[in-house]
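Summary of the model geometry
Below, each chain spelled out in residue letters.
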Amino acid sequence: MAAERAASFTNRSIKNTAKLEGYKLALSMLDLTTLEGKDSSEKARSLARKALCPDPTNPSLPTVAAVCVYPAMVSAVKAELARASSTHKIKIASVATGFPSGQFPLDVKLADVRDAIEAGADEIDMVINRGSFLSGDHASVADEIRAVKEVCVSASHPVALKVILETGELETLDNVRIASDLSIRAMAEVDDQDHAATRRRHAAGYFDFIKTSTGKVTPAATMPVTLVMLEAIRDWYLDTGRFVGMKPAGGIRTAKQSLHYLVMVNETLGHLTGDGACPWLTPELFRFGASTLTNDILRQIRWLQTGKYQSAHDFSEA
Amino acid sequence: MPTNTTTDRLDILKTYKLFIDGKFPRSESGRTTTILNSKGQPLAYTSRASRKDLREAVESARRAQATWASSTAYLRAQIIYRIAEMLEGRRAELIESIHSVAAPIAKSAKKSKSSGKSLTPAAEVAFSIDRLVHYAGWADKFSQVLGCNNPVAGPHYNFTVPEPTGVVAVIAPDQPPLLGLVSLLAPVICSGNATVLISSQTNPLPAVLLGEILATSDVPAGVVNILTGDHAELIPFIAGHRDIDAVHGAASGDSATTLRAGSAENIKRVVIRDSIEYTSSECESAWWIEPFVEMKTIWHPASA
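Model, not experiment: these values are computed from the prediction. (Residues numbered from 1 in each chain as written. Chains lettered and ligands numbered in written order. Predicted model: local features only at pLDDT ≥ 70, side-chain atom pairs only at ≥ 80, totals over all residues. Heavy atoms only, no water.)

Here the focus is the packing of aromatic side chains. Residue and element names in this part refer to chain A. Applying the stated rule across the entire model yields eleven aromatic pairs over all chains. On the basis of an interplanar angle of 75 degrees and a centroid distance of 6.3 Å, the ring pair of F207 and F243 is categorised as edge-to-face. One end of the pair, F207, is in the loop between α9 (195-203) and β6 (209-211); the other, F243, is in the loop between α10 (223-240) and β7 (245-247), and 36 residues separate them in sequence. A relative accessible area of 25% places F243 in the partly exposed class. Plain terms: the ring middles of Y237 and W280 are 5.6 Å apart, the flat faces sit at 90 degrees to each other, and that makes the pair edge-to-face. Placement of Y237 in helix α10 and of W280 in the loop between α11 (255-269) and β8 (288-290) is noted, with a sequence separation of 43 residues between them. When its relative accessible area of 16% is taken as the criterion, Y237 is described as buried. By relative accessible area, which is 0% here, W280 ends up buried. One aromatic cluster is present, formed by F207, Y237, F243 and W280 through successive ring pairs. Directly above the ring of F209 sits K162, whose terminal nitrogen or CZ lies 5.9 Å from the centroid. (Phe/Tyr/Trp six-rings, centres within 6.5 Å; stacked < 30°, edge-to-face > 60°. Helix = DSSP H or I, 4+ residues; strand = E, 2+ residues; numbered from the N terminus. Buried < 20%, exposed > 50% of the residue type's maximum accessible area, 1.4 Å probe, protein only. Lys NZ or Arg CZ within 6 Å of the ring centre and 35° of its normal.)

Structure below.
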């Protein structure tokens, strides 16, 4: 069912100006990511420069939403973003909690989160303990999410939390839904402790997310999995009126795929607020975790604007 | 081609498809062209490639190119020789494909003026096979001829070696449909380039047969991609495409101008063959390989 419904989003005809706007929107929702063992601070700085100006020949394009790196790279990204001459809203996202496995003691995970926040991270991408989840110990998974969330809300600057479910290891779509509901509820429980602070964070554009994957496990993000998670977000909004963001990550490589996802967001969450707008079609509530996707979007934008097919060699890797 | 001897049965005409990434897809546009025999009757249908088919073909060539370039020169020679062998085995079919489609009057009249003699289909196939064998031989020899040792003042060896340019678009002349195509293709692939090949517009049948032959002659998928269709429609997109590194094409007039103007912007190398006598040994030379390689010069320290 989910697979069939998800496949139906891929046959919308989006052309010319609508396509260009779609690509620009997708670009503005990117979490430009490098999560490799060979990452260096220069790679991180280079990625930050790319985030500020994705295509130097076309400065009118939007910046990406965030740069997503390991905790050790956060300070390098922060320094580079601070050098920018123009004002920008690019956030720094850091994976933490023993990414990607999450198989570390809780105090180590919390120290990982604290370090990343102190170095300047605006967003923490945590991993759930899939081992505990699959063995039925949902309570301890929720406890960990609450503990991480408490570190985030106690920080001196606003910090958003993204919970990575690693859906490629959860075996079934039912599990994806259970993990989504559990994560959303755990984060909300901590938010409930201080409504004023939560409102301030939301007003500043810091919303919590659920995220599909680390990018280290195959399959990573797929459309059926993302659809199930979007439905969890929809049902939570209908029950409580609260917004939770969505971040599919890994496996989205082509600009065309990114449009399929935007169609899915619009057709799953687009009609909820009643005013015709879809709050989820903004970088505050929807992100793509990707690295190769960026250059394909830039390539397709340049094709639309010049009428000439582009070479991948023309765009920098980072 | 089978002729209809009874009145109660219609011949089933074959719809030939494109050859992209080792597969035979229809054009994404769904369009076909009816190919007429010399009596003006429908003989077959070919796919009419769109710019999106061109885009897919270039992506496929780009993916295949590095592996083809890194295969040994000896292996590339063997594979090109293998194509010649496979052509030899399907001579009759190729001759029929050239013979059964009449060359347009105006073009053939112009051609016979420039060539001064007519080329029979059988001779065209024979020339094509020999040309492939010729360039199979060049695959492991051109770098010795085009490369060199350079005298330098200092304790260094200095030498220059040719490397393939990358993805090359080959635009076949309308006539001769097989020999023209093979003559432009062979020097490009023997050095390790991958290609997108646009067939003769007036008779694409030999090109689609070549696609079927390539699929079974050890040529890695994507090294040669074959599109059939309208040259005037595809040429502007070839000229502007930034991921095509060079063009080896038969073109004249507006098409040649479009190719040259487009390449001025993205600096692709354009080699246009106009008024070529394809049966001539002029087409068999390392200088036909040279435009589609890049010269790399290396300084290597030498002990004094």
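This is not the end of the story, as more comes after the structure.
Now for the nonpolar core. Membership of the largest hydrophobic core comes to 92 residues, with the highest contact counts inside it found for I124(A), I145(A), W280(A), F288(A) and I297(A). Ranked by residues supplied to this core, first place goes to α10(A) with ten residues. Those residues in contact with W280(A), other than ones at most four positions away along the chain, are M29(A), I233(A), Y237(A), F243(A), V244(A), V265(A), L269(A), L272(A), L285(A) and F286(A). Counting residues in each nonpolar core, the second largest holds 54 residues, with I79(B), F142(B), L181(B) and I289(B) among its members. (Core = buried A, V, L, I, M, F, W, Y, C linked by side-chain atoms within 4.5 Å. Contact = heavy atoms within 4.5 Å.)

Residues and elements named next belong to chain B. Read from one edge to the other, the open sheet built from three strands follows the order β1-β3-β2, with strand pairing classed as mixed. Each edge of the open sheet is held by one strand with a lone partner, namely β1 (15-16) and β2 (32-36). As paired elements, β1 and strand β3 (residues 42-47) share two bridges and run parallel to each other. Within the sheet, the bridge partner assigned to T15 lies in β3 and is Y45. (Pairing = 2+ DSSP bridges.)

On the chain B side, the residues contacting the eleven residues of chain A number eleven residues. Summed over both sides, the interface between chain A and chain B buries roughly 1,000 Å², with carbon and sulfur atoms accounting for 46% of that surface. The largest share of the area that chain A buries against chain B comes from R299(A), K308(A) and Y309(A), three residues that together contribute 56% of it. Linking chain A with chain B are three salt bridges. Between K308(A) and E265(B) there is a salt bridge; the shortest N-O distance is 3.2 Å. Summed over the shared surface of chain A and chain B, the result is six residue pairs in polar contact (both at pLDDT 80 or more). Taken together, the residues of the side of chain A that touches chain B break down into three nonpolar, four polar and four charged. (Buried area = accessible area lost by both parts, 1.4 Å probe. Salt bridge = Lys/Arg side-chain N within 4 Å of Asp/Glu carboxyl O. Polar contact = N/O pair within 3.5 Å; in protein donor to acceptor, adjacent residues only side chain to side chain. Nonpolar A, V, L, I, M, F, W, Y, C, P; charged D, E, K, R; others polar.)

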